[in-house]
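# Coordinate inspection notes
Listed here are the chains, written in short residue letters.
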Amino acid sequence: CVQETDNDIKNNDPLLRRITSGLTQEDFLEFNKLYDRLDIIFQKVIAYKQYILVDAEQTYLQVAMDTMAEQFQFKYNKEYPYLRNTLQNYLKYSDFRIRYEVDKCQLFNYPLSMKFVRGAYMVEERTIAKEKGLPDPIHDTYEDTAKSMNSHIKYFIDKMTPRDGLVIGTHNKETAEVILEAVSKKPEIAPKITVAQLMGLADNLTAELRSKGYKIYKFVPFGKTSILIPYYCRRAQEQRQTLKSVKGQMKLIRREMFRRVTFRY
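Everything quoted here is computed from the prediction, not taken from an experiment.

### Here's the deal with the overall build of the protein
- Helix and strand content of the protein: 11 helices and six strands.
- In the protein, which comprises 265 residues, the proportion classed as buried is 41%.
- Expressed as a percentage of contacts within the protein between residues at least 6 apart in sequence, the contacts between residues at least 24 apart total 73%.
- With an accessible surface of roughly 16100 Å², the protein has 58% of that area assigned to carbon and sulfur atoms.

Structure (structure tokens):
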């Protein structure tokens, strides 16, 4: 814990001394404030018997976020998956990451808990990697990302028990089919899986999943235009297949309107 980090500990631990060499006492105080504020949020979540999702960000931020999330998972996820961290499946190291999460939870006998998304910072990640001469962290093609996402869903569901929790952010028909197929082999964990979608997208998939008893979160982003436009652009990059499915959704809407107007029940 940072609160226990003092000069004596840093002087006796070469690794800790190297990690904290650029930090000031004010930095430690700010970190402690952040920790305390997050702790208040998590305590409220637990009091209302809900769970909280930790979103994913760029790779240069993600390690710090994962480390923070992991601290609270060890503190609060002992009996129930209150805190669910996000895995971006377009990252090449996501295969290692999901196996690390599963092995960690099984080692400490904690519930499995994650949120899966494809990823949202493809252009920025590749630009930074190119500028710094680093390997591209993103899968080379959309198909590789889809393969990563779907294989990880199968793997995670296969490891799940009724005490675990999984949230899957997707508007993709193929991924929905993967979910249905994987759960058909373990129907007891169906209530522990939630699908998250943007309001107005993939409503045909929403209806199909709801008809089979799945929980669906439909959310509406709000905020300043300067923030929302880049957000929607990232969603478009992330979900190219979703844009192709809009035509199919419109066909379904027209068919339903015709059925109602002609009273064909």
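On we go from here.
### Here we look at helix α4 (residues 59-76)
- Taking 1.5 Å of rise per residue, the 18 residues of α4 would be expected to cover 26 Å, and the 25 Å separating its terminal C-alpha atoms lies within 8% of that figure.
- Every buried residue of α4 is accounted for by Q62, D66, M68, A69, E70, F72, Q73 and Y76.
- Taken together, the buried residues of α4 touch α3 (25-47), β2 (83-88), α5 (94-108) and β3 (113-117).

### As for the side chain of Q197
- With respect to the element layout, Q197 can be found in strand β5 (residues 193-198).
- Of the residues examined, Q197 reaches a relative accessible area of 1% and is grouped as buried.
- Here the side chain of Q197 touches T170 through a polar contact of 3.2 Å, landing on its backbone oxygen.
- With residues near it in sequence (within four places) discarded, Q197 still touches T170, H171, A202, L205, T206, I216, Y217, K218 and F219.

### Things to note about the packing of α3 against α4
- The interhelical angle for the contact between α3 and α4, taken along N-to-C directions, is 45°, at an axis separation of 11 Å. It follows from the interaxial angle that α3 and α4 lie oblique. Crossing of α3 over α4 shows right-handed handedness. Contacts between α3 and α4 involve F31, L34, Y35, L38, D39, F42, Q43 and I46 from the first element and M68, Q71, F72, K75 and Y76 from the second.

### Side note on the pairing of strand β4 (residues 165-169)
- Taken across its five residues, β4 has five buried, putting it largely inside the fold.
- Burial along β4 is two-sided: the face carrying G165, V167 and G169 and the face carrying L166 and I168 are both buried.
- Sheet topology note: the β3/β4 ladder contains four bridges and is parallel. Paired with S113 across the two strands is G165, which belongs to β4.
- Bridging between β4 and β5 involves four bridges; their strand directions are parallel. Looking at β5, one finds that V167 is bridged to T194.
- Tracing the backbone out of β4, into helix α8 (residues 173-184) and back to the parallel element β5 gives a crossover that is right-handed.

### Points about the nonpolar core
- Counting 27 residues, the largest nonpolar core has F116, I153, F156, I157, L166, V183 and I193 as the members making the most contacts within it.
- With 10 residues, the next largest nonpolar core counts V45, I52, V54 and A69 among its residues.

### Describing the sheet that holds strand β6 (residues 215-219)
- Strand order in the open sheet made by the six strands is β1-β2-β3-β4-β5-β6, with parallel pairing throughout. Looking at the sheet topology across the chains shown, the edges are occupied by β1 (52-54) and β6. Here the strands of the sheet are splayed against their neighbours by 25° on average, with no regard to which way each runs.
- Of the strands in this sheet, β2, β3, β4 and β5 are in contact with helix α7 (residues 142-159), which crosses β3 at around 160°.

### A few points about the environment of V195
- In this structure, V195 sits in strand β5.
- Contact partners of V195, with chain neighbours within four places excluded, come to I168, T170, I179, L209, K215, I216 and Y217.

### Considering a nonpolar patch on the surface
- On the surface, Y93, F96 and Y100 cluster together to form a nonpolar patch covering roughly 320 Å² of accessible area.
- Counting through the fold element by element, F96 comes out in helix α5.

What counts, and at which threshold
Residues numbered from 1 in each chain as written. Predicted model: local features only at pLDDT ≥ 70, side-chain atom pairs only at ≥ 80, totals over all residues. Heavy atoms only, no water. Helix = DSSP H or I, 4+ residues; strand = E, 2+ residues; numbered from the N terminus. Buried < 20%, exposed > 50% of the residue type's maximum accessible area, 1.4 Å probe, protein only. Contact = heavy atoms within 4.5 Å. Areas by Shrake-Rupley, 256 points an atom, 1.4 Å probe, with all protein chains shown as cover. Expected span 1.5 Å × (residues − 1). Polar contact = N/O pair within 3.5 Å; in protein donor to acceptor, adjacent residues only side chain to side chain. Axes fitted to C-alpha atoms, helices over the stretch in contact; angles between N-to-C directions. Parallel < 35°, antiparallel > 145°, perpendicular 65-115°, else oblique. Left-handed = near helix turned anticlockwise from the far one by under 90°. Pairing = 2+ DSSP bridges. Right-handed = clockwise from strand over helix to strand, strands pointing away. Core = buried A, V, L, I, M, F, W, Y, C linked by side-chain atoms within 4.5 Å. Patch = residues over 30% accessible without salt bridge, like charges linked within 9 Å, V, L, I, M, F, W, Y side chains within 5 Å. Salt bridge = Lys/Arg side-chain N within 4 Å of Asp/Glu carboxyl O.

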